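# A closer look at the structure
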Protein chains: 2
Amino acid sequence: MSKSVFYHAGCPVCVSAEQDIISLIGDEKVEIVHLGEQKNRISDAEAQGVKSVPALLTPNGHVLHINFGASLADVKG
Amino acid sequence: MSKSVFYHAGCPVCVSAEQDIISLIGDEKVEIVHLGEQKNRISDAEAQGVKSVPALLTPNGHVLHINFGASLADVKG
């Protein structure tokens, strides 16, 4: 895995962080996953250690939780 | 301002996040500031909106609080 994955759920905090992350890392190096629209990815995100969004899964498998938008429980709604 | 600033305080969470951020952004694009050792930078960090460490101040002035290591109040000790 050489790309990072940015998980978000469409909240204002998420969108702002998304723009910052893309600007910092480069959009070719990060896959954006909207968990509110792609609920089939939630279990995978949880398995990787994502507890809230927005979060960035790095290529080495670390999860960086950025600011706090919503817990995954809220996203599952 | 074209560089990001990564504020940390030497805690394990901070050091891990530091390595991830440097790996993602590139060490030439981020200044690392250890607020535990450079306490004269704390007031500046607060003025920029940093509330806890580790945190990344982006070139456009946004603050991304990453995971949670310590509040600035704890760093001031």
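Before any of the text, the structure's been laid out above.
Given the structure is predicted, the values throughout are model-derived calculations rather than measurements. (Residues numbered from 1 in each chain as written. Chains lettered and ligands numbered in written order. Predicted model: local features only at pLDDT ≥ 70, side-chain atom pairs only at ≥ 80, totals over all residues. Heavy atoms only, no water.)

Another aspect to go through is the overall build of chain A. Of the regular secondary structure elements, chain A holds three helices and four strands. Along chain A, helices (α) and strands (β) appear in the sequence β-α-β-α-β-β-α when read from the amino end. For chain A, the C-alpha radius of gyration of 11 Å lies close to 11 Å, the compact-globule estimate for 77 residues. Projected onto the principal axes, the alpha-carbon positions of chain A cover approximately 30 × 25 × 20 Å. Long-range contacts, defined as pairs at least 24 residues apart, comprise 59% of the intrachain contacts of chain A with a sequence gap of at least 6. Accessible surface computed for chain A: about 3700 Å², of which carbon and sulfur atoms make up 50%. Looking at charge distribution, chain A has the averaged site of its 6 positive side-chain charges lying 6 Å from that of its 9 negative ones. (Helix = DSSP H or I, 4+ residues; strand = E, 2+ residues; numbered from the N terminus. Rg over C-alpha atoms; globule rule 2.2 N^0.38 Å. Contact = heavy atoms within 4.5 Å. Areas by Shrake-Rupley, 256 points an atom, 1.4 Å probe, with all protein chains shown as cover. Lys, Arg positive; Asp, Glu negative; His and termini not counted. Charge placed at Lys NZ, Arg CZ, Asp CG, Glu CD.)

Here we take up the pairing of strand β2 (residues 30–34) of chain B. Residues and elements named next belong to chain B. Here strand β1 (residues 4–8) pairs with β2 via five bridges, running parallel. Residue Val 5 lies in a different strand from β2, and its bridge partner there is Glu 31. Regarding the hand of the β-α-β motif, the stretch spanning β1, helix α1 (residues 12–25) and β2 is right-handed. (Pairing = 2+ DSSP bridges. Right-handed = clockwise from strand over helix to strand, strands pointing away.)

The partner chain B presents 17 residues to the 17 residues of chain A that form the contact. Buried surface at the junction of chain A and chain B, both sides included, amounts to about 1200 Å², of which 56% is carbon and sulfur. When residues of chain A are sorted by the area they lose upon contact with chain B, Asp 20, Leu 24 and Leu 64 of chain A head the list and together hold 46% of the total. Here chain A is connected to chain B by zero salt bridges. At the junction of chain A and chain B, the tally comes to eight residue pairs in polar contact (both at pLDDT 80 or more). Elements with a minimum of two residues in the side of chain A that touches chain B: α1 (12–25) and β4 (63–71) of chain A. If one sorts the elements of the side of chain A that touches chain B by residue count, α1 of chain A sits on top with six residues. Here the side of chain A that touches chain B is composed, by residue class, of nine nonpolar, seven polar and one charged. (Buried area = accessible area lost by both parts, 1.4 Å probe. Salt bridge = Lys/Arg side-chain N within 4 Å of Asp/Glu carboxyl O. Polar contact = N/O pair within 3.5 Å; in protein donor to acceptor, adjacent residues only side chain to side chain. Nonpolar A, V, L, I, M, F, W, Y, C, P; charged D, E, K, R; others polar.)

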